[in-house]
Amino acid sequence: MEFDVGARLKQIREQHGLSQRALAQRAGVTNGTISLIEQNRSSPSVSSLRKVLQGIPMTLAEFFSSDDLPPPEQIFFKGDELIELAGELKGTVGQVSFRQVGDLRSRNLQILHERYAPGADTGRTMLQHESEEGGIVIKGQIELTVGDRKQLLGPGDAYFFDSRVPHRFRNVGDIECELISACTPPYL
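Residues numbered from 1 in each chain as written. Predicted model: local features only at pLDDT ≥ 70, side-chain atom pairs only at ≥ 80, totals over all residues. Heavy atoms only, no water.

- With an unreviewed UniProt entry as reference, the chain is termed Cupin domain-containing protein, source organism Azospirillum melinis.

### Quick notes on the environment of Ser-97
Here is step 1 of the chain: Following the sequence through the fold, Ser-97 ends up in strand 2 (residues 96-100).
Here is step 2 of the chain: Relative accessible area serves as the criterion here: at 14%, Ser-97 is assigned to the buried category.
Here is step 3 of the chain: For the pair Ser-97 and Ala-120, spaced 23 residues apart in sequence, the C-alpha separation works out to 10.0 Å.
Here is step 4 of the chain: A polar contact of 2.7 Å, which involves the side chain of Ser-97, links it to the side chain of Glu-84. (Helix = DSSP H or I, 4+ residues; strand = E, 2+ residues; numbered from the N terminus. Buried < 20%, exposed > 50% of the residue type's maximum accessible area, 1.4 Å probe, protein only. Polar contact = N/O pair within 3.5 Å; in protein donor to acceptor, adjacent residues only side chain to side chain.)

### Considerations on the environment of Pro-118
Here is step 1 of the chain: Secondary-structure assignment places Pro-118 in the loop between strand 3 (110-116) and strand 4 (132-139).
Here is step 2 of the chain: It is 9.6 Å that separates the C-alpha atoms of Pro-118 and Ile-142, two residues lying 24 residues apart in sequence.

### Remarks on the pairing of strand 9 (residues 177-184)
Here is step 1 of the chain: Sheet analysis places strand 3 next to strand 9, joined by seven bridges and oriented antiparallel. Paired with Arg-115 across the two strands is Glu-178, which belongs to strand 9.
Here is step 2 of the chain: Relative to strand 9, strand 4 runs antiparallel, the two being bridged by seven bridges. In the sheet register, Glu-132 faces strand 9, and the bridge partner there is Thr-184. (Pairing = 2+ DSSP bridges.)

### Overview of the nonpolar core
Here is step 1 of the chain: Membership of the largest hydrophobic core comes to 16 residues, with the highest contact counts inside it found for Tyr-116, Ile-142, Leu-144, Tyr-159 and Phe-169.
Here is step 2 of the chain: Secondary structure elements with two or more residues in this core: strand 2, strand 3, strand 5 (142-146), strand 7 (158-162) and strand 9.
Here is step 3 of the chain: In terms of residues, this core owes the most to one element, strand 5, which gives three residues.
Here is step 4 of the chain: Here Leu-144 is in contact with Arg-149, Lys-150, Gln-151, Leu-153, Tyr-159, Phe-161, Arg-168 and Phe-169, once residues within four sequence places are set aside.
Here is step 5 of the chain: With 14 residues, the next largest nonpolar core counts Val-5, Ile-34, Leu-49 and Ile-56 among its residues. (Core = buried A, V, L, I, M, F, W, Y, C linked by side-chain atoms within 4.5 Å. Contact = heavy atoms within 4.5 Å.)

Spelled out as structure tokens, the structure:
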């Protein structure tokens, strides 16, 4: 039985939710190239196919494997599918919840839904890591210290800083503080 390169490429592209144009952009080829391969009107060289597959990303071995493809990458997440990380943190004071969007094994961006009970704190030892982070306060107030600068942020206020600078989050209010944050590369 002959392997159908075109059908396989189309199947993989669609499972990853990519249009021909999107895959072509990611792979650095023309969308006509993708179209011709999928229609079996062009038989790509090994190097050309490898270049196209890097846009997915996928190895040649995975492409030609007879095994079923892994499930497509999850794009949408229900609230109960977020991953609670606060149980893994040491040094926090009071109740802190960090709920992560998705699995980060193939990601360079971490998105968190954070909640701090009144009096909660990321700890006396300032956080410091090789990242950049930013966020927006949804409700309540959070005192954010970055280096020698301190600011009380409320609903609609935001922050964005180099995480290599020592920093600390503290809810000094009397209601829960809720915020959405992003960090790249992931820290927690």
